[in-house]
Amino acid sequence: MGAFKKDKYEAIQECSEKKVKAYIICVWSFLVSMAGGLLLLWWDYEYHPTNSQLWMVPFGLILFVTPVIACFAVVVSEACKNYKVDDDNSQKTSGLDV
């Protein structure tokens, strides 16, 4: 009975550690995206009328969009990993009779 409780506690602790790590990653990606958006807004307010400091635009777009693409890729890969396809190709023959 004690070993079962210990295993259950370790499983709960491992699950909560994974949730904390995922939460930290989400917060960091949100902050990076916010930094990119703020950089774009600052460029628009300060430098857009003169079209100077144009390096800020692609840099801001990269910071703004990259976390969204990365999160989408993680969600899709997790969904595909959990989806199991029963493929019976190993039992099929080529159809050529020798």
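Structure's up top.
Conventions adopted
- Residues numbered from 1 in each chain as written.
- Predicted model: local features only at pLDDT ≥ 70, side-chain atom pairs only at ≥ 80, totals over all residues.
- Heavy atoms only, no water.
- Helix = DSSP H or I, 4+ residues; strand = E, 2+ residues; numbered from the N terminus.
- Buried < 20%, exposed > 50% of the residue type's maximum accessible area, 1.4 Å probe, protein only.
- Areas by Shrake-Rupley, 256 points an atom, 1.4 Å probe, with all protein chains shown as cover.
- Contact = heavy atoms within 4.5 Å.
- Phe/Tyr/Trp six-rings, centres within 6.5 Å; stacked < 30°, edge-to-face > 60°.

*Asks:* Got a minute to help me understand the overall build of the protein chain in this structure?
*Replies:* Per the secondary structure count, the protein chain includes two helices and zero strands. Within the span of the protein chain, comprising 98 residues, buried residues form 9% of the whole. Total accessible area on the protein chain stands at roughly 8,900 Å², and carbon and sulfur atoms take up 68% of it.

*Asks:* Looking at this model, I keep getting lost on the side chain of serine 29. Mind explaining?
*Replies:* Tracing the chain through its elements places serine 29 in helix H1 (residues 2-46). Residues in contact with serine 29, not counting those within four places in the same chain, are Pro67 and Cys71.

*Asks:* Even after reading the chapter, I still don't get the environment of tyrosine 47, so can you show me in this structure?
*Replies:* Relative to the helices and strands, tyrosine 47 is located in the loop between H1 and helix H2 (56-82). Those residues in contact with tyrosine 47 that sit more than four places away from it in its chain are Trp42, Ser52, Gln53 and Met56.

*Asks:* Explain the packing of aromatic side chains to me, please; I cannot follow it from the model alone.
*Replies:* In this structure the tally under the stated criterion is two aromatic pairs. Consider the rings of tryptophan 42 and tyrosine 47, whose centres lie 5.8 Å apart with planes at 70°: the pair is edge-to-face. According to the relative accessible area criterion, tyrosine 47 is partly exposed, its value standing at 21%. Here tryptophan 55 and phenylalanine 59 contribute two aromatic rings whose centre-to-centre distance is 6.3 Å and whose plane-to-plane angle is 50°, an arrangement assigned as tilted. When its relative accessible area of 52% is taken as the criterion, tryptophan 55 is described as exposed. The class for phenylalanine 59 is partly exposed, based on a relative accessible area of 41%.

By themselves, these observations are geometric and do not establish any function.
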